[in-house]
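What follows is the residue order along each chain.
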Amino acid sequence: MAWPGLAALPKPQLGWLFASMASLAVIALVGAAAVSWNRGRARRGRLRLKQVGTVSGLFIHPVKSCRGVAVKRAEVTTLGLRSGDMRDRCWLVIKEDGHMVTARQEPRLVLILVASDNGYLTLSAPEMKDLEIPVKPSTKNPVWNCRVFGFDAPGRDCGEEAAQWITAFLNSQPYRLVHFEANMVPRNAKDFMKPFRPSDKIAYPDCSPVMVLSEASVEELNSRLERKVQIRNFRPNILVTGCGPFEEDTWDEIIIGTAEMKGIMACPRCILTTVDPDTGVMDRKEPLDTLKSYRMCEPSVNHIYKSHPLFGWYFGIDKTGTLQVGDPVFQII
């Protein structure tokens, strides 16, 4: 569409006019961002905040059940933590019928290390040559209708080389590796666990975008065990120090960095916690048996947690943002 009068302007004046319009557009955008930032700051100024801890660790688990990656800084997205191309639990090992495979069935998955650089995901494992695959698989690759805890979840096949690598390492049956792409429809956390809200979305996590655990809770558990366990047994996203054991259970709403999160429910623990993260051997007993001796739910919520002991707390995302190790954890009171 031509604007009336523009054709009559000399070229120098026309260029000046467009430059002025571009400058005004930039100023408007900057002004809008400043207003938004100030509103956020003003809102926080109105809230009553209490520091309840400090972030001591951030972990992203790109491939479900494989070893997590410790990062210093992360984005909090609606689907969980992200650092660069690594998004939490957005890759998944599946059987050839589409059903998910985790360390519950294949404990040695925990031995696979994951790294990301220059648009590639690198998988490493004992006695295996490193595998590099594109973070974004070819759109020619098929999309699987995967089954995750009985619910459908899409995933783009990562190709034959990835399938052969995973299959060779686990050495049990043919497997595939799939990727949850940014434009795919996520699962509703509420479909699997009723306490979650309709706004809580996930890719391949069990049921929550973020899991928070305190160092004190792990230390308290270890005081009861002959053989100590590691943080990696529990696969949290956010590790917190400076609080007492199980205080994370009481944080209804928290602010970390520029992100805001809502406490939803306890994390019900399963046999996966008994897999040694250094050997990939499943014990099937500890620390699960000890947790069952003192971390069971109240009878009123047996229908939610059933026979699972509780350890760590699941959070939904109220406001996306960024956080980093060393950030204070504020509870909204």
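1. Considering the overall build of the protein chain
(1) Moving on: Within the protein chain, the regular secondary structure consists of six helices and 22 strands.
(2) Moving on: Counting across all 333 residues of the protein chain, residues that qualify as buried make up 47%.
(3) Moving on: Counting every atom, the protein chain has about 16,600 Å² of accessible surface; 55% of that belongs to carbon and sulfur.

2. Structural notes on the sheet that holds strand β13 (residues 175–179)
(1) Moving on: Read from one edge of the open sheet, five strands run β7-β6-β13-β12-β11, paired in antiparallel fashion. A single partner strand is all that each edge strand has here, and the edge strands are β7 (100–101) and β11 (143–148).
(2) Moving on: Two strands pair when backbone bridges link them, and strand β12 (residues 151–157) and β13 are joined in this way by two bridges, in the antiparallel orientation. Within the sheet, the bridge partner assigned to R156 lies in β13 and is H179.
(3) Moving on: Sitting on the sheet, helix α2 (residues 160–170) touches β6 (91–95) and β13, and the angle it makes with β13 is about 130 degrees.

3. Some thoughts on the sheet that holds strand β9 (residues 120–124)
(1) Moving on: If you walk across this open sheet you meet the three strands as β8-β9-β10, and the pairing is antiparallel. What marks the edges here is a single partner per strand, and that holds for β8 (113–117) and β10 (131–134). With strand direction ignored, the average angle separating the axes of adjacent strands in the sheet is 25 degrees.
(2) Moving on: Where β9 meets β10, four bridges bridge the pair, whose relative direction is antiparallel. The residue bridging L121 from the neighbouring strand is I133, located in β10.
(3) Moving on: Sheet contacts for α2: β9 and β10; angle to β10, the most-contacted strand, approximately 145 degrees.

4. A short note on the nonpolar core
(1) Moving on: Counting residues in hydrophobic clusters, the biggest one holds 49 residues, and the most contacted among them are I238, W251 and M261.
(2) Moving on: Ignoring any residue separated from it by four or fewer positions in sequence, one finds W251 in contact with V52, V212, V240, C243, G263, F315, V329 and Q331.
(3) Moving on: Ranked by size, the runner-up nonpolar core spans 42 residues in total, among them A153, I166, Y204 and M282.

5. Here we look at the packing of aromatic side chains
(1) Moving on: Summed over all chains, the structure comprises seven aromatic pairs.
(2) Moving on: With 5.8 Å between their ring centres and 85 degrees between their planes, F180 and Y204 make a pair best called edge-to-face. A residue pair is termed long-range when its members are at least 10 positions apart, and F180 in the loop between β13 and β14 (187–188) and Y204 in the loop between β15 (201–202) and β16 (210–214) qualify at 24 residues. There is no split in this pair, since F180 and Y204 are both buried.
(3) Moving on: Plain terms: the ring middles of F246 and F311 are 6.1 Å apart, the flat faces sit at 70 degrees to each other, and that makes the pair edge-to-face. Taken together, the positions of F246 in the loop between β17 (238–241) and β18 (253–256) and F311 in strand β20 (residues 310–319) put the pair 65 residues apart, joining distant regions of the chain.
(4) Moving on: Classification of F246 by relative accessible area gives buried; the value is 15%.

6. What about the environment of D191?
(1) Moving on: Residue position: D191 is located in helix α3 (residues 189–192).
(2) Moving on: Given a relative accessible area of 38%, D191 falls into the partly exposed group.
(3) Moving on: Separated by 40 residues in sequence, D191 and F151 have C-alpha atoms that sit 8.3 Å apart.

7. Describing a negative patch on the surface
(1) Moving on: Together, E226, D283, E286 and D289 make up a negatively charged patch on the protein surface.
(2) Moving on: Secondary-structure assignment places D289 in helix α5 (residues 288–294).

8. Concerning the side chain of Q331
(1) Moving on: Considering the arrangement of structural elements, one finds Q331 in strand β22 (residues 328–332).
(2) Moving on: Residue class for Q331 comes out buried when judged on its relative accessible area of 14%.
(3) Moving on: Within the structure, the side chain of Q331 is placed 3.4 Å from the backbone oxygen of T250, a separation counted as a polar contact.
(4) Moving on: Among residues more than four places away in sequence, those in contact with Q331 are R48, L49, K50, V52, T250, W251, D252, E253 and I254.

9. Considerations on the confidence of the model for the protein chain
Close inspection of predicted coordinates is inappropriate for parts of the model with low pLDDT.
(1) Moving on: Chain-level statistics for the protein chain give a pLDDT mean of 91 and a share of 86% at 70 or above.
(2) Moving on: For the protein chain, helix α1 (residues 11–46) is the element with the lowest average pLDDT, namely 48, and β17 is the one with the highest, namely 99.
(3) Moving on: Here residues 1–37 is a poorly scored stretch, pLDDT under 50, and it has six contacts once near neighbours within four places are set aside; other chains count.

10. Examining helix α4 (residues 215–222)
(1) Moving on: Counting buried positions along α4 gives six out of eight residues, so the element sits mostly inside the fold.
(2) Moving on: The set of residues buried in α4 consists of A216, S217, V218, E220, L221 and N222.

11. As for the pattern of salt bridges
(1) Moving on: Applying the stated criterion across every chain, the model contains 14 salt bridges.
(2) Moving on: Salt-bridge contacts for R89 lead to D88; the nearest nitrogen and oxygen are separated by 2.8 Å.
(3) Moving on: On the basis of relative accessibility, which here comes to 1%, the residue D88 falls in the buried class.
(4) Moving on: R197 is paired through a salt bridge with D200; the nearest N and O atoms lie 3.0 Å apart.
(5) Moving on: Classification of R197 as partly exposed rests on a relative accessible area of 21%.

What counts, and at which threshold
Residues numbered from 1 in each chain as written. Predicted model: local features only at pLDDT ≥ 70, side-chain atom pairs only at ≥ 80, totals over all residues. Heavy atoms only, no water. Helix = DSSP H or I, 4+ residues; strand = E, 2+ residues; numbered from the N terminus. Buried < 20%, exposed > 50% of the residue type's maximum accessible area, 1.4 Å probe, protein only. Areas by Shrake-Rupley, 256 points an atom, 1.4 Å probe, with all protein chains shown as cover. Pairing = 2+ DSSP bridges. Contact = heavy atoms within 4.5 Å. Axes fitted to C-alpha atoms, helices over the stretch in contact; angles between N-to-C directions. Core = buried A, V, L, I, M, F, W, Y, C linked by side-chain atoms within 4.5 Å. Phe/Tyr/Trp six-rings, centres within 6.5 Å; stacked < 30°, edge-to-face > 60°. Patch = residues over 30% accessible without salt bridge, like charges linked within 9 Å, V, L, I, M, F, W, Y side chains within 5 Å. Salt bridge = Lys/Arg side-chain N within 4 Å of Asp/Glu carboxyl O. Lys, Arg positive; Asp, Glu negative; His and termini not counted. Charge placed at Lys NZ, Arg CZ, Asp CG, Glu CD. Polar contact = N/O pair within 3.5 Å; in protein donor to acceptor, adjacent residues only side chain to side chain. pLDDT = per-residue confidence, 0-100.

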